[in-house]
Amino acid sequence: MDKHELYLWDLTGYLIVRNVLTAEELAAANAAIDYCQDKIPVGEAGLGSRGSNALKGTGRLEMHGLLELPKPHCEPFRKMIAHPALVTRLNVMCGRYFRLDHGPLIIAGVKGTEGLTLHGSGEPHKPVVAYHHQNGTPYCGGVTVTWQLTDVAEGDGGFVCVPGSHKSRYPMPDGVRTCDDDLGVVIQPPMQAGDVLFFMDGAQTHGTHPWRSENPRRSVLIKYAARDAVRGVPRKELFLPEVWWGEEIVDGMTEAQRAVMYGPGVHHGGVIKPLTVDEDGTVRIE
Ligand SMILES: O=C(O)CCC(=O)C(=O)O
(Lines give C-alpha, C1' and ligand atoms only; values in the text may rest on other atoms or scores of the structure.)
Protein backbone atom coordinates (compact mmCIF):
# COMPACT_ATOMS: atom_id res chain seq x y z
CA MET A 1 0.00 0.00 0.00
CA ASP A 2 1.78 3.15 -1.14
CA LYS A 3 1.56 6.61 0.41
CA HIS A 4 -1.01 7.85 -2.09
CA GLU A 5 -3.32 4.93 -1.33
CA LEU A 6 -2.83 5.51 2.38
CA TYR A 7 -3.68 9.18 1.98
CA LEU A 8 -6.88 8.37 0.04
CA TRP A 9 -7.88 5.61 2.46
CA ASP A 10 -7.48 7.78 5.55
CA LEU A 11 -9.13 10.78 3.88
CA THR A 12 -12.15 9.18 2.26
CA GLY A 13 -12.67 5.76 3.91
CA TYR A 14 -12.54 3.84 0.65
CA LEU A 15 -9.98 2.87 -1.97
CA ILE A 16 -10.27 1.47 -5.49
CA VAL A 17 -7.42 -0.60 -6.89
CA ARG A 18 -7.71 -0.94 -10.65
CA ASN A 19 -7.34 -3.94 -12.87
CA VAL A 20 -6.45 -6.55 -10.25
CA LEU A 21 -8.06 -9.63 -11.86
CA THR A 22 -6.60 -11.01 -15.08
CA ALA A 23 -8.96 -11.71 -18.00
CA GLU A 24 -8.77 -15.45 -17.17
CA GLU A 25 -9.54 -14.91 -13.48
CA LEU A 26 -12.45 -12.67 -14.38
CA ALA A 27 -13.82 -15.24 -16.83
CA ALA A 28 -13.56 -18.02 -14.21
CA ALA A 29 -15.34 -15.92 -11.55
CA ASN A 30 -18.10 -14.98 -14.00
CA ALA A 31 -18.48 -18.63 -15.04
CA ALA A 32 -18.96 -19.54 -11.36
CA ILE A 33 -21.69 -16.89 -11.03
CA ASP A 34 -23.30 -18.12 -14.29
CA TYR A 35 -23.35 -21.56 -12.67
CA CYS A 36 -25.29 -20.36 -9.61
CA GLN A 37 -27.19 -17.41 -11.14
CA ASP A 38 -30.58 -19.19 -10.90
CA LYS A 39 -30.03 -19.91 -7.21
CA ILE A 40 -29.52 -16.27 -6.21
CA PRO A 41 -32.66 -15.53 -4.19
CA VAL A 42 -34.76 -12.44 -4.92
CA GLY A 43 -35.48 -10.60 -1.69
CA GLU A 44 -38.81 -9.03 -0.83
CA ALA A 45 -39.13 -5.62 -2.50
CA GLY A 46 -38.91 -2.85 0.09
CA LEU A 47 -36.67 -4.72 2.53
CA GLY A 48 -33.63 -2.88 1.21
CA SER A 49 -35.16 0.49 0.36
CA ARG A 50 -37.29 0.70 3.55
CA GLY A 51 -39.71 3.38 2.44
CA SER A 52 -37.17 5.42 0.47
CA ASN A 53 -38.35 6.91 -2.81
CA ALA A 54 -34.87 7.24 -4.26
CA LEU A 55 -33.94 3.64 -3.52
CA LYS A 56 -37.14 1.74 -4.39
CA GLY A 57 -37.27 -1.03 -6.98
CA THR A 58 -37.60 -4.79 -7.27
CA GLY A 59 -36.24 -7.20 -4.64
CA ARG A 60 -32.48 -7.39 -3.99
CA LEU A 61 -30.34 -10.23 -5.31
CA GLU A 62 -27.80 -11.43 -2.79
CA MET A 63 -26.33 -14.85 -2.01
CA HIS A 64 -23.76 -16.14 0.49
CA GLY A 65 -21.85 -19.41 0.26
CA LEU A 66 -19.52 -18.86 -2.70
CA LEU A 67 -16.79 -20.88 -0.96
CA GLU A 68 -19.24 -23.78 -0.76
CA LEU A 69 -19.73 -24.02 -4.54
CA PRO A 70 -18.45 -27.29 -6.04
CA LYS A 71 -15.03 -27.27 -7.71
CA PRO A 72 -13.99 -25.62 -9.96
CA HIS A 73 -16.50 -22.85 -9.15
CA CYS A 74 -15.26 -22.19 -5.59
CA GLU A 75 -11.68 -21.73 -6.86
CA PRO A 76 -11.93 -18.09 -8.06
CA PHE A 77 -13.23 -17.09 -4.61
CA ARG A 78 -10.55 -19.10 -2.79
CA LYS A 79 -7.98 -17.16 -4.79
CA MET A 80 -9.66 -13.87 -3.91
CA ILE A 81 -9.71 -14.33 -0.11
CA ALA A 82 -5.90 -14.22 0.26
CA HIS A 83 -4.97 -12.43 -2.97
CA PRO A 84 -1.66 -10.50 -2.71
CA ALA A 85 -3.41 -7.24 -3.65
CA LEU A 86 -5.54 -7.68 -0.54
CA VAL A 87 -2.88 -8.93 1.84
CA THR A 88 -0.54 -5.98 1.26
CA ARG A 89 -3.35 -3.53 1.96
CA LEU A 90 -5.31 -5.32 4.71
CA ASN A 91 -2.05 -5.71 6.65
CA VAL A 92 -2.08 -1.93 6.90
CA MET A 93 -5.83 -1.32 7.13
CA CYS A 94 -6.71 -3.92 9.82
CA GLY A 95 -3.30 -4.95 11.14
CA ARG A 96 -1.10 -7.92 10.25
CA TYR A 97 -3.36 -10.55 11.76
CA PHE A 98 -6.55 -9.67 9.88
CA ARG A 99 -9.00 -12.46 9.16
CA LEU A 100 -12.04 -13.23 7.01
CA ASP A 101 -15.12 -12.53 9.13
CA HIS A 102 -17.93 -13.38 6.71
CA GLY A 103 -18.55 -13.81 2.97
CA PRO A 104 -17.71 -14.08 0.17
CA LEU A 105 -21.19 -13.20 -1.04
CA ILE A 106 -22.48 -11.99 -4.38
CA ILE A 107 -24.57 -8.85 -4.73
CA ALA A 108 -26.17 -9.01 -8.16
CA GLY A 109 -28.47 -6.54 -9.86
CA VAL A 110 -30.71 -6.31 -12.90
CA LYS A 111 -32.21 -3.09 -14.21
CA GLY A 112 -34.65 -1.88 -11.54
CA THR A 113 -33.27 -3.81 -8.54
CA GLU A 114 -33.84 -1.70 -5.45
CA GLY A 115 -31.12 -0.09 -3.37
CA LEU A 116 -30.18 -0.46 0.27
CA THR A 117 -30.56 2.36 2.78
CA LEU A 118 -27.29 3.88 3.91
CA HIS A 119 -25.79 2.55 7.12
CA GLY A 120 -22.57 2.77 9.12
CA SER A 121 -20.78 5.93 10.27
CA GLY A 122 -18.33 7.26 12.80
CA GLU A 123 -21.25 8.26 15.07
CA PRO A 124 -22.25 6.59 17.30
CA HIS A 125 -18.89 4.94 18.01
CA LYS A 126 -18.97 1.20 17.29
CA PRO A 127 -15.66 -0.10 18.63
CA VAL A 128 -15.72 -3.39 16.73
CA VAL A 129 -15.75 -1.75 13.28
CA ALA A 130 -14.47 1.75 14.10
CA TYR A 131 -11.68 3.62 12.37
CA HIS A 132 -8.87 4.89 14.56
CA HIS A 133 -5.53 6.49 13.86
CA GLN A 134 -2.65 6.74 16.28
CA ASN A 135 1.09 7.39 16.00
CA GLY A 136 1.04 7.21 12.22
CA THR A 137 -0.83 3.92 12.14
CA PRO A 138 -4.39 3.56 10.84
CA TYR A 139 -6.65 0.88 12.24
CA CYS A 140 -10.07 -0.26 11.06
CA GLY A 141 -11.97 -3.07 12.79
CA GLY A 142 -13.98 -4.04 9.71
CA VAL A 143 -13.04 -3.69 6.05
CA THR A 144 -15.13 -4.97 3.14
CA VAL A 145 -13.39 -5.86 -0.10
CA THR A 146 -15.61 -5.87 -3.20
CA TRP A 147 -14.46 -7.53 -6.41
CA GLN A 148 -16.21 -6.14 -9.47
CA LEU A 149 -17.04 -8.84 -12.02
CA THR A 150 -18.87 -6.42 -14.34
CA ASP A 151 -18.40 -2.72 -15.17
CA VAL A 152 -20.11 -0.03 -13.11
CA ALA A 153 -20.39 3.23 -15.04
CA GLU A 154 -21.31 6.60 -13.58
CA GLY A 155 -25.03 6.61 -12.77
CA ASP A 156 -25.41 2.80 -12.98
CA GLY A 157 -26.08 2.50 -9.24
CA GLY A 158 -24.67 -0.13 -6.89
CA PHE A 159 -22.21 0.80 -4.15
CA VAL A 160 -22.46 4.35 -2.82
CA CYS A 161 -20.80 6.04 0.13
CA VAL A 162 -20.26 9.32 1.92
CA PRO A 163 -16.52 9.96 1.66
CA GLY A 164 -15.01 11.03 4.98
CA SER A 165 -18.01 9.87 7.04
CA HIS A 166 -15.81 7.51 9.11
CA LYS A 167 -14.65 10.70 10.86
CA SER A 168 -18.17 12.09 11.30
CA ARG A 169 -19.11 13.33 14.77
CA TYR A 170 -22.83 13.83 14.16
CA PRO A 171 -25.68 11.39 13.44
CA MET A 172 -26.50 10.68 9.80
CA PRO A 173 -29.53 12.78 8.66
CA ASP A 174 -32.53 10.71 7.60
CA GLY A 175 -32.46 12.13 4.06
CA VAL A 176 -28.92 10.81 3.62
CA ARG A 177 -29.94 7.40 4.98
CA THR A 178 -32.77 7.15 2.44
CA CYS A 179 -30.96 9.17 -0.29
CA ASP A 180 -34.20 11.15 -0.70
CA ASP A 181 -32.37 14.31 0.37
CA ASP A 182 -28.73 13.28 0.33
CA LEU A 183 -27.29 16.82 0.70
CA GLY A 184 -25.05 16.09 -2.27
CA VAL A 185 -22.65 14.07 -0.13
CA VAL A 186 -23.37 10.57 -1.53
CA ILE A 187 -21.12 9.38 -4.36
CA GLN A 188 -21.28 6.34 -6.63
CA PRO A 189 -17.75 5.54 -7.81
CA PRO A 190 -17.45 4.13 -11.36
CA MET A 191 -15.44 0.91 -11.60
CA GLN A 192 -14.48 -1.64 -14.20
CA ALA A 193 -14.67 -5.42 -14.16
CA GLY A 194 -11.50 -6.63 -12.43
CA ASP A 195 -11.23 -3.61 -10.08
CA VAL A 196 -11.28 -4.06 -6.32
CA LEU A 197 -12.95 -1.69 -3.86
CA PHE A 198 -11.95 -1.50 -0.18
CA PHE A 199 -14.31 0.33 2.17
CA MET A 200 -14.51 0.87 5.91
CA ASP A 201 -17.79 -0.97 6.26
CA GLY A 202 -19.45 -0.15 9.62
CA ALA A 203 -17.20 2.89 10.16
CA GLN A 204 -18.30 4.58 6.94
CA THR A 205 -21.73 5.62 5.67
CA HIS A 206 -22.44 3.42 2.65
CA GLY A 207 -25.25 1.55 0.93
CA THR A 208 -26.62 0.81 -2.51
CA HIS A 209 -28.32 2.84 -5.23
CA PRO A 210 -30.91 1.01 -7.37
CA TRP A 211 -29.35 -0.74 -10.37
CA ARG A 212 -30.09 1.33 -13.50
CA SER A 213 -27.96 -0.32 -16.18
CA GLU A 214 -29.07 -2.83 -18.82
CA ASN A 215 -25.89 -4.74 -17.98
CA PRO A 216 -26.08 -6.86 -14.83
CA ARG A 217 -24.38 -5.96 -11.57
CA ARG A 218 -22.01 -8.59 -10.19
CA SER A 219 -20.06 -7.65 -7.09
CA VAL A 220 -18.39 -10.19 -4.80
CA LEU A 221 -18.05 -8.90 -1.24
CA ILE A 222 -15.63 -10.31 1.32
CA LYS A 223 -15.88 -8.99 4.86
CA TYR A 224 -12.63 -8.84 6.82
CA ALA A 225 -11.98 -7.94 10.42
CA ALA A 226 -8.98 -7.09 12.52
CA ARG A 227 -8.09 -10.32 14.35
CA ASP A 228 -9.29 -8.91 17.67
CA ALA A 229 -12.62 -7.72 16.23
CA VAL A 230 -15.55 -10.10 15.75
CA ARG A 231 -18.55 -9.17 13.65
CA GLY A 232 -20.36 -12.25 12.40
CA VAL A 233 -19.55 -15.93 12.28
CA PRO A 234 -20.01 -18.34 9.35
CA ARG A 235 -22.66 -20.36 11.20
CA LYS A 236 -24.93 -19.17 14.02
CA GLU A 237 -24.49 -22.37 16.06
CA LEU A 238 -20.83 -21.43 16.63
CA PHE A 239 -22.06 -18.83 19.15
CA LEU A 240 -23.60 -21.48 21.38
CA PRO A 241 -21.83 -21.98 24.72
CA GLU A 242 -21.66 -25.76 24.24
CA VAL A 243 -19.93 -25.24 20.86
CA TRP A 244 -17.74 -22.26 21.77
CA TRP A 245 -16.54 -23.66 25.14
CA GLY A 246 -17.54 -27.33 24.90
CA GLU A 247 -20.48 -29.12 26.57
CA GLU A 248 -18.37 -30.48 29.44
CA ILE A 249 -17.55 -26.92 30.59
CA VAL A 250 -21.06 -25.42 30.44
CA ASP A 251 -23.00 -28.51 31.52
CA GLY A 252 -25.22 -27.75 34.55
CA MET A 253 -24.68 -23.97 34.49
CA THR A 254 -27.54 -21.66 35.47
CA GLU A 255 -29.27 -19.66 32.75
CA ALA A 256 -27.36 -16.51 33.81
CA GLN A 257 -24.02 -18.34 33.82
CA ARG A 258 -24.71 -19.75 30.35
CA ALA A 259 -25.63 -16.27 29.10
CA VAL A 260 -22.03 -15.06 29.53
CA MET A 261 -20.57 -18.13 27.81
CA TYR A 262 -21.74 -17.33 24.25
CA GLY A 263 -19.03 -16.81 21.65
CA PRO A 264 -18.20 -13.26 20.48
CA GLY A 265 -19.79 -11.39 17.57
CA VAL A 266 -22.54 -8.94 16.73
CA HIS A 267 -24.56 -11.02 14.25
CA HIS A 268 -25.99 -13.47 16.79
CA GLY A 269 -29.59 -12.93 15.70
CA GLY A 270 -30.85 -12.11 19.19
CA VAL A 271 -29.87 -15.44 20.82
CA ILE A 272 -27.65 -13.65 23.33
CA LYS A 273 -29.65 -11.97 26.09
CA PRO A 274 -28.28 -9.24 28.37
CA LEU A 275 -28.12 -9.76 32.13
CA THR A 276 -29.41 -7.54 34.90
CA VAL A 277 -29.11 -7.56 38.71
CA ASP A 278 -32.24 -7.24 40.86
CA GLU A 279 -32.29 -5.18 44.06
CA ASP A 280 -31.87 -8.35 46.10
CA GLY A 281 -28.68 -9.14 44.19
CA THR A 282 -30.16 -11.85 41.93
CA VAL A 283 -28.54 -11.98 38.49
CA ARG A 284 -31.08 -12.79 35.80
CA ILE A 285 -31.74 -12.54 32.06
CA GLU A 286 -33.17 -9.10 31.30
O1 LIG B 1 -22.02 -2.89 -2.46
C2 LIG B 1 -23.09 -2.51 -2.06
O3 LIG B 1 -24.09 -2.43 -2.77
C4 LIG B 1 -23.23 -2.10 -0.59
C5 LIG B 1 -23.01 -3.23 0.32
C6 LIG B 1 -23.34 -2.92 1.74
O7 LIG B 1 -24.08 -2.02 2.04
C8 LIG B 1 -22.75 -3.71 2.80
O9 LIG B 1 -22.00 -4.63 2.50
O10 LIG B 1 -23.00 -3.42 3.99
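Residues numbered from 1 in each chain as written. Predicted model: local features only at pLDDT ≥ 70, side-chain atom pairs only at ≥ 80, totals over all residues. Heavy atoms only, no water.

A. Structural context of empty space enclosed by the protein. Per the stated rule, a full pass over the model turns up 1 cavity of 30 Å³ or more. Counted as a void, the largest cavity has a volume near 60 Å³. Taken together, Arg60, Leu61, Ile107, Ala108, Gly109, Thr113, Glu114, Thr208, His209, Trp211 and Arg217 form the lining of the largest cavity. When contributions to the lining of the largest cavity are tallied by element, the ones reaching two or more residues are strand S3 (99-109) and strand S10 (206-209). It is S3 that provides the largest number of residues to the lining of the largest cavity, a total of 3 residues. Its residues placed into classes, the lining of the largest cavity shows 4 nonpolar, 4 polar and 3 charged. (1 Å grid on protein atoms, 1.4 Å probe; cavity = no way out; pocket = protein on both sides within 12 Å on 5 of 7 lines; lining within 4 Å. Points joined across faces, edges and corners; volume = space filled by probe spheres on them. Helix = DSSP H or I, 4+ residues; strand = E, 2+ residues; numbered from the N terminus. Nonpolar A, V, L, I, M, F, W, Y, C, P; charged D, E, K, R; others polar.)

B. Summary view of the sheet that holds strand S2 (residues 61-63). The sheet built from 6 strands is open, its strands ordered S1-S9-S7-S11-S3-S2 with antiparallel pairing. Sheet topology places strand S1 (14-17) and S2 at the edges, where each strand pairs with a single neighbour. For this sheet, the mean inter-axis angle between neighbouring strands, taken without regard to orientation, is 20°. Alignment of S2 against S3, held across 3 bridges, turns out to be antiparallel. Bridge pairing links Glu62 to Ile107 in S3. Against the sheet, helix H2 (residues 23-36) touches S2, S3, strand S7 (142-148) and strand S11 (217-225), its axis set at about 100° to S11. Packed onto the sheet, helix H4 (residues 84-93) meets S1, S7, strand S9 (196-199) and S11 and runs at close to 10° relative to S9. (Pairing = 2+ DSSP bridges. Axes fitted to C-alpha atoms, helices over the stretch in contact; angles between N-to-C directions. Contact = heavy atoms within 4.5 Å.)

So far we have only geometry, and geometry alone does not tell us how the molecule works.
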